[in-house]
Amino acid sequence: MAMEKQCTYLIFEEDLIRPEVADLSLGLQDPDIKVKAQTLKTIILLMLNGEQLGSLLMKVIQYVVPNDDKPLKKLLYLYLEAVEKRGPDGNLLPEMILICNMIRNDLNHPNEFVRGSALRFLSRIKEKDILEPLVSSLKVNLEHRQSYVRRNAVLAIYNTYRLFEELIPDGPELIREFIDSENDVSAKRNSFVMLCNTDQERAVSYLLSIIDQLESFGDIIQLVMLELIRKVCRQDPFQKSRFLRAVFNLQSSASNSVAFECAGTLVSLSSSQTAVKTAVHVYCQLLSSHSDNNVKLIVIDKLADLQQKHSDVLKSLIMDFIRGMSSPNLDIKMKILELVLLLISPSNIEEVIVVLKKEILKVPTSDGEGAAEYRQALVQAIHSCVLRFPDIAGTVVDTLIDFISDADARSSSDVVVFVREVVETFPRLREGILTKVVEYFPAIKVAKVFRVAMWILSEYSHTPEEVDSAFAAIKSSLGTLPFLEVDASTPSPDSTAVAGAARSSPAVLSDGTYASQ
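Rules and cut-offs
Residues numbered from 1 in each chain as written. Predicted model: local features only at pLDDT ≥ 70, side-chain atom pairs only at ≥ 80, totals over all residues. Heavy atoms only, no water. Helix = DSSP H or I, 4+ residues; strand = E, 2+ residues; numbered from the N terminus. Rg over C-alpha atoms; globule rule 2.2 N^0.38 Å. Buried < 20%, exposed > 50% of the residue type's maximum accessible area, 1.4 Å probe, protein only. Phe/Tyr/Trp six-rings, centres within 6.5 Å; stacked < 30°, edge-to-face > 60°. Lys NZ or Arg CZ within 6 Å of the ring centre and 35° of its normal. Arc of directions from axis to C-beta. Contact = heavy atoms within 4.5 Å. Salt bridge = Lys/Arg side-chain N within 4 Å of Asp/Glu carboxyl O. pLDDT = per-residue confidence, 0-100. Core = buried A, V, L, I, M, F, W, Y, C linked by side-chain atoms within 4.5 Å. Disulfide = S-S within 2.5 Å. Expected span 1.5 Å × (residues − 1). Polar contact = N/O pair within 3.5 Å; in protein donor to acceptor, adjacent residues only side chain to side chain. Axes fitted to C-alpha atoms, helices over the stretch in contact; angles between N-to-C directions. Parallel < 35°, antiparallel > 145°, perpendicular 65-115°, else oblique. Left-handed = near helix turned anticlockwise from the far one by under 90°. Lys, Arg positive; Asp, Glu negative; His and termini not counted.

Labelled according to an unreviewed UniProt entry, the protein appears under the name Clathrin/coatomer adaptor adaptin-like N-terminal domain-containing protein, originating from Cryptomonas curvata.

Laid out in structure tokens, this is it:
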């Protein structure tokens, strides 16, 4: 069975031209460093796109390895990541022995960039024969003065221990000692990731030792620690009390990523109202402050998940996230509106209606992108609220009836149907509604709205004054009689008859024959 090839990175080049192998070989032999670098870059791209160029390995070792140019050295290690290191029999190629010597020298190089490049390469390979003779050099680099070298040394040790634990059996203990004295956030984070995945007990021990100072750590390590807390508490729920206070303290972090993960961790650790309220406050803060619409949509999904289990808590905080409707993005507005309709209650309906009325007045009347669709959704939302809480009908009908003359058929039709239901259900509001319908009747532009409005006027105009005003509105909308406008250009009936007779076609008689006169 063929073994899958390892791939640590991908680069796609659409317009890549494949030179001849001989030309690539000459490019590697060129004394100009820039030509060597360009040739090596071309070889890397060709290999990543499926070309087999293993025959150039010795040329690379012969003409590229001896150079100390730093960019060329970086390209060399990228080439070594991509090149096939084993022969058809599965054994390491003999040429790799020469590479091991080069790596050993680079691990002791005075330049930190060269050391870091070599360590990064060792953190990505799976060849035991290459890693085994370099273990001692990896350990030495943990004490290097440059943090760039130390953080890559941790990754190289982690890779070696993960693949071949017998090569460095004291790896977790070594990293546990290292993390206590390390000040660089990235190096500390890499160390903690290794402990989490190789020796969870040591990772928990370290976390508990610094849990009171957790807020002072960088966000990249705080995220890993939150992940460990969730993992430990899933395995042993009795551990929740040990970490809950630390998670509460992290929810005020300046990092949006940490705050988001902290909110999710709080809900997973505790179902208390305090924890849920804290998580909702964090989500609402992200909803109002974050600029990325994708993040906002994810936050709304999180709030929707909380609504299924903690709807009572969200009902009390509905005004916190309804502010998210100020976003210009239509998808965000619609999802928040959908969530709000699930959470309205007698205690918050009045506040929600005030916001919805303000929102519908802010929607542009022009046919902007999504404006008509959003206005229709708001009308339907208010209609739904009135059906559930009829007492608020009087507070919204005056606002909605202004849209009865809207040119958009969907929203104006929804409005007039809503008005018809209110007129039927609330007799005390009929007089004011009839006055409004009469006022807006001449401005109606949609046929369906005309029909419903005329039905309302004819059905509910009872007093002589109401009948007169309704009839006057309908008559003014019809215009003056006759309805056929006559002007000088319109021919008289006589001339029309004469012209018609002159242009008439032959008549068909009863027997099927034609008559010309």
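Still to come is the rest of the account.
**Student:** What's the story with the overall build of the protein in this structure? I'm lost.
**Tutor:** If you tally the helices and strands in the protein, you get 28 helices and two strands. Its C-alpha atoms give the protein a radius of gyration of 39 Å, more than 25% over the compact-globule value 24 Å for 517 residues. Projecting the C-alpha coordinates of the protein onto the three principal axes gives extents of approximately 110 × 75 × 40 Å. When the 517 residues of the protein are sorted by exposure, 45% land in the buried category.

**Student:** Hey, could you run me through the packing of aromatic side chains in this one?
**Tutor:** For any pair of aromatic rings, the description consists of the separation of the ring centres together with the inter-plane angle of the planes. Counted by the stated rule, this structure contains five aromatic pairs. Between the aromatic rings of Trp455 and Tyr460, the centroid separation amounts to 5.7 Å while the plane-to-plane angle is 80 degrees, which identifies the pairing as edge-to-face. For Tyr460, a relative accessible area of 6% gives the class buried. Here the guanidinium or amino end of Arg162 rests over the ring plane of Tyr158, the centre of that ring lying 5.9 Å away.

**Student:** What is the right way to look at the environment of Glu14 in this model?
**Tutor:** The topology assignment puts Glu14 in the segment before helix 1 (21-29). A residue is classified by how much of its surface remains accessible, and Glu14, at 66% relative accessible area, is exposed. The sequence separation of Glu14 and Asn49 amounts to 35 residues, and the corresponding C-alpha distance is 9.7 Å.

**Student:** What is the right way to read helix 10 (residues 171-181) from this model?
**Tutor:** Residues spaced three or four apart along an α-helix face the same direction, because each turn holds 3.6 residues. Among the residues of helix 10, Gly171, Pro172, Ile175, Arg176, Phe178 and Ile179 are the ones counted as buried. End-on view of helix 10: buried residues confined to an arc of 165 degrees, all on one side of the axis. Of the exposed residues in helix 10, those oriented more than 90 degrees away from the buried face are Glu177 and Ser181. Those residues of helix 10 that are buried lie in contact with helix 9 (147-163), helix 11 (185-198) and helix 12 (200-209).

**Student:** Before we go on, may I ask you to explain the environment of Glu351 in this structure?
**Tutor:** Here Glu351 shows up in helix 21 (residues 349-362). In sequence terms Glu351 and Ile318 are 33 residues apart; their C-alpha atoms lie 9.4 Å from each other.

**Student:** Even after reading the chapter, I still don't get the pattern of salt bridges, so can you show me in this structure?
**Tutor:** Once the charged atoms of two side chains with opposite charge are near each other, the side chains can pair. Within this structure, the stated rule accounts for 16 salt bridges. Here Glu81 makes a salt bridge to Arg120, at a shortest N to O gap of 2.5 Å. Separated by 39 residues along the polypeptide, Glu81 in helix 4 (residues 70-82) and Arg120 in helix 6 (residues 112-122) bring together distant segments of the chain. Residue classification places Glu81 among the buried positions, given a relative accessible area of 5%. Overall, Arg120 belongs to the partly exposed group, its relative accessible area being 27%. What emerges from the salt-bridge pattern is a single network uniting Glu81, Arg120 and Arg124.

**Student:** In this structure, what is going on with the confidence of the model for the protein? I would like to understand it.
**Tutor:** Low-pLDDT portions of the prediction should not be read for the details of their coordinates. This prediction gives the protein a mean pLDDT of 85; 90% of its residues lie at or above 70. Confidence over residues 495-503 falls short of pLDDT 50; this stretch has one contact with residues more than four positions distant or in other chains.

**Student:** In this structure, what is going on with the nonpolar core? I would like to understand it.
**Tutor:** Side chains of nonpolar character tend, in soluble globular proteins, to be buried together. With 86 residues, the main nonpolar core has Leu40, Tyr79, Ile103, Leu122 and Phe192 as its most contacted residues. Top contributing element to this core by residue count: helix 13 (residues 219-235), with eight residues. Beyond its immediate stretch of four places on either side in the chain, Ile103 contacts Tyr77, Ala118, Phe121, Leu122, Ile130 and Leu134. Within the second largest apolar cluster, 78 residues are counted, among which are Leu286, Leu287, Ile344 and Ala381.

**Student:** Mind showing me how you'd approach the state of the cysteines here?
**Tutor:** By definition, a disulfide is the covalent link that joins the sulfur atoms of two cysteine residues. Applying the stated criterion across every chain yields a total of zero disulfides. Here Cys196 stays unpaired: no disulfide links it, and the sulfur of Cys233, its closest cysteine neighbor, is 13 Å away. Note on Cys385: no disulfide assigned, nearest cysteine sulfur contributed by Cys284 at a separation of 19 Å. According to the relative accessible area criterion, Cys385 is buried, its value standing at 0%.

**Student:** How should I be thinking about helix 17 (residues 293-309) in this particular structure?
**Tutor:** Counted at 1.5 Å a residue, the expected span for helix 17 with its 17 residues is 24 Å, and the 25 Å between its end C-alpha atoms agrees. All of the buried residues along helix 17 are Lys296, Val299, Ile300, Leu303, Leu306 and Gln307. Along helix 17, the residues classed as buried sweep out an arc of 115 degrees about the axis, all on the same side. Exposed side of helix 17, more than 90 degrees from the buried face: Asn294, Gln308 and Lys309 are the residues found there. Check the buried side of helix 17 and you find it contacts helix 15 (256-269), helix 16 (273-289), helix 18 (311-316), helix 19 (318-321) and helix 20 (330-343). If you check the start of helix 17, you find a side-chain oxygen 2.9 Å away from the backbone N of Asn294, and it comes from Asp292.

**Student:** It is not clear to me how the packing of helix 2 (residues 33-48) against helix 4 should be interpreted in this structure. Could you clarify?
**Tutor:** Packed helices, taken two at a time, are described by their axes: the angle between them and the distance between them. For the pair helix 2 and helix 4, the least separation of the axes is 10 Å and the interaxial angle reads 20 degrees. Considered as vectors, helix 2 and helix 4 are oriented roughly parallel to each other. Relative to helix 4, helix 2 is oriented so that their crossing is left-handed. Across the interface between the two elements, Ile33, Lys36, Ala37, Leu40, Lys41, Ile43, Ile44, Met47 and Leu48 of helix 2 pack against Leu72, Leu75, Leu76, Leu78, Tyr79 and Ala82 of helix 4.

**Student:** Sorry if this is basic, but what is going on with the side chain of Thr39 here?
**Tutor:** Secondary-structure assignment places Thr39 in helix 2. Taking the relative accessible area as the measure of exposure, Thr39 reaches 9% and is therefore buried. Here Thr39 is in contact with Leu24, Gly27 and Leu28, once residues within four sequence places are set aside.

**Student:** I'm lost on the packing of helix 22 (residues 371-388) against helix 24 (residues 409-425) in this one. Help?
**Tutor:** Closest axis-to-axis distance for the helix 22/helix 24 pair is 8 Å, and the angle between their directions is 15 degrees. By the angle class used here, helix 22 and helix 24 are roughly parallel. Crossing angle aside, the handedness with which helix 22 passes helix 24 is left-handed. Facing Ala372, Glu373, Arg375, Gln376, Val379, Gln380, His383, Val386 and Leu387 of helix 22, the residues of helix 24 in contact are Arg410, Ser411, Asp414, Val415, Phe418 and Glu421.

**Student:** Before we go on, may I ask you to explain the side chain of Lys188 in this structure?
**Tutor:** Within the secondary structure, Lys188 is located in helix 11. At 6.6 Å, Asp180 is the nearest oppositely charged side chain to Lys188, a buried residue that forms no salt bridge. A polar atom in the side chain of Lys188 sits 2.9 Å from the backbone oxygen of Ile179. Excluding residues that lie within four positions of it along the chain, Lys188 makes contacts with Ile179, Glu182, Tyr206, Phe217 and Ile221.

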